[in-house]
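Letter by letter, the chains look like this.
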Amino acid sequence: MKYGRKAGIVATAAVAALVFAGCSSDTSDTATDSSGTTDEEMYIALVSKGFQHQFWQAVKQGAEEKADELGITITFEGPASETEVDAQLQMLQTAIDKDPAAIGYAALDPEACVPLYENAEAAGIPIAQFDAPCNSDYGSSLSATDSMVAGALAADHMAELIGGSGEVAIVGHSQINSTGIERRDGFVERIESEYPDIEIVDIQYGEGDHLKSADIAKAMIAANPNLAGLYGTNEGSAIGIVNAANELGLEPGELTIIGFDSGAAQINAIKDGTMAGAITQDPIGIGKSVVEAAYNLANGEAVEDFYDTGSYWYDANNIDDPEIAAVLYD
């Protein structure tokens, strides 16, 4: 299935097909939630991009809430890092081997997953996607934030905060998966189309790692003495920028920092003025949506191509508003 926000490219058969087909996974080093199954219960396996970040814990919470509501059993797992594509693919193959009623999958690499989708199709196991799709015709729906819209929202607020002119840069978290690409492109396209007096002077990638992102941010600040703003495209990128500003002794507000996602560290940085604001998603809503879609697929029911769970700007002025507090997570 092709989604309107990105073009799918069919992977060649050589990409990971022979390496991963039929293999099993040892996930002893990765946290996994499993409550077991009975003959009477429907079982759905969810494989996310990660497990440790607070975002994925919130997705897991929403998935478990919806599973309890539907009376089904789920497992939820993901690699320790969002760079561990091979580990995630092994988890997907293991999920296929368990013959669940359906699978929920969030693709780290949209090409490498294609051969395993073919395995799932051959086994008759439907796949509902969340957060980011695989470039396969077999996936039946996507529950996610519209990341192009979210990136544009970040650009609008950056432009407003720096007065419509100046130099800005981006610390991204991925050049491979769709969320990283679209959060970047949504921001870049909005700046280029609507704010001609703002120049994007650099874009680099820290893989969502706090330390790598901090090092990148410090280098950007040193290389661009007139830098007015920095945008981090996920939690790890944003906190890396915050840490860089603190390590360099910048005063709150001296550099306009905009983040993405939520979590205690970003919330605290916004409250103390280090970060101007951030875009949050609805991870609990994503978890609920993908479980419901997988459940419907398992029952042979129709699903929508795309479930947009929304994106929201939050800052010190609205962080305690009930509608914003409902989509923040610690």
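Because the structure is a prediction, the values reported are computed rather than measured.

Here is what the cut-offs are and how they apply
- Residues numbered from 1 in each chain as written.
- Predicted model: local features only at pLDDT ≥ 70, side-chain atom pairs only at ≥ 80, totals over all residues.
- Heavy atoms only, no water.
- Helix = DSSP H or I, 4+ residues; strand = E, 2+ residues; numbered from the N terminus.
- Buried < 20%, exposed > 50% of the residue type's maximum accessible area, 1.4 Å probe, protein only.
- Polar contact = N/O pair within 3.5 Å; in protein donor to acceptor, adjacent residues only side chain to side chain.
- Contact = heavy atoms within 4.5 Å.
- Phe/Tyr/Trp six-rings, centres within 6.5 Å; stacked < 30°, edge-to-face > 60°.
- Lys NZ or Arg CZ within 6 Å of the ring centre and 35° of its normal.
- Pairing = 2+ DSSP bridges.
- Axes fitted to C-alpha atoms, helices over the stretch in contact; angles between N-to-C directions.

Following the sequence through the fold, lysine 49 ends up in the loop between β2 (43-47) and α2 (54-70). Using a relative accessible area of 0% as the deciding quantity, one classes lysine 49 as buried. Among the polar contacts made by the side chain of lysine 49, one reaches the side chain of aspartate 131 at a distance of 2.7 Å. At 3.0 Å, the side chain of lysine 49 and the side chain of threonine 179 are in polar contact. What lysine 49 contacts, discounting residues up to four positions off in sequence, is Trp56, Pro79, Ser81, Glu82, Gln88, Ala106, Ala107, Leu108, Asp131, Ala132, Asn177 and Thr179.

Going through the model one piece at a time under the given rule, you end up with six aromatic pairs. When the centroid spacing of 6.1 Å and the interplanar angle of 65° are considered together, the rings of phenylalanine 55 and tyrosine 329 count as edge-to-face. With a gap of 274 residues between them, phenylalanine 55 in helix α2 and tyrosine 329 in the segment after α11 (322-325) connect regions that are remote in the sequence. On the accessibility criterion, phenylalanine 55 (5% relative accessible area) is buried. Owing to a relative accessible area of 8%, tyrosine 329 belongs among the buried residues under this scheme. Aromatic pair phenylalanine 187 and tyrosine 231: ring centres 4.5 Å apart, planes at 15°, arrangement stacked. Of the two residues, phenylalanine 187 is situated in helix α6 (residues 178-194) and tyrosine 231 in strand β9 (residues 227-232); the sequence distance between them amounts to 44 residues. The exposure classification of phenylalanine 187 matches that of tyrosine 231, with both residues buried. An aromatic cluster of at least three residues, connected via ring pairs, comprises Phe55, Trp56, Phe130 and Tyr329. The ring of phenylalanine 260 carries arginine 183 above its face, with NZ or CZ at 4.0 Å from the centroid.

One open sheet holds the six strands; their spatial order is β8-β7-β9-β10-β11-β13, and the pairing between them is mixed. At either margin of the open sheet sits one strand with a lone partner, and together these are β8 (198-205) and β13 (312-315). Averaged over all pairs of adjacent strands, the angle between their axes in this sheet comes to 20°, without regard to strand direction. Here three bridges tie β9 to strand β10 (residues 256-260), and the two strands are oriented parallel to one another. Bridge pairing in β10 links leucine 230 to isoleucine 257. The strands that helix α7 (residues 210-223) touches are β7 (166-172), β8 and β9; relative to β7, the one it contacts most, it runs at about 160°. Packed on one face of the sheet, helix α9 (residues 264-271) meets β10, β11 (277-280) and β13 and runs near 55° to β13.

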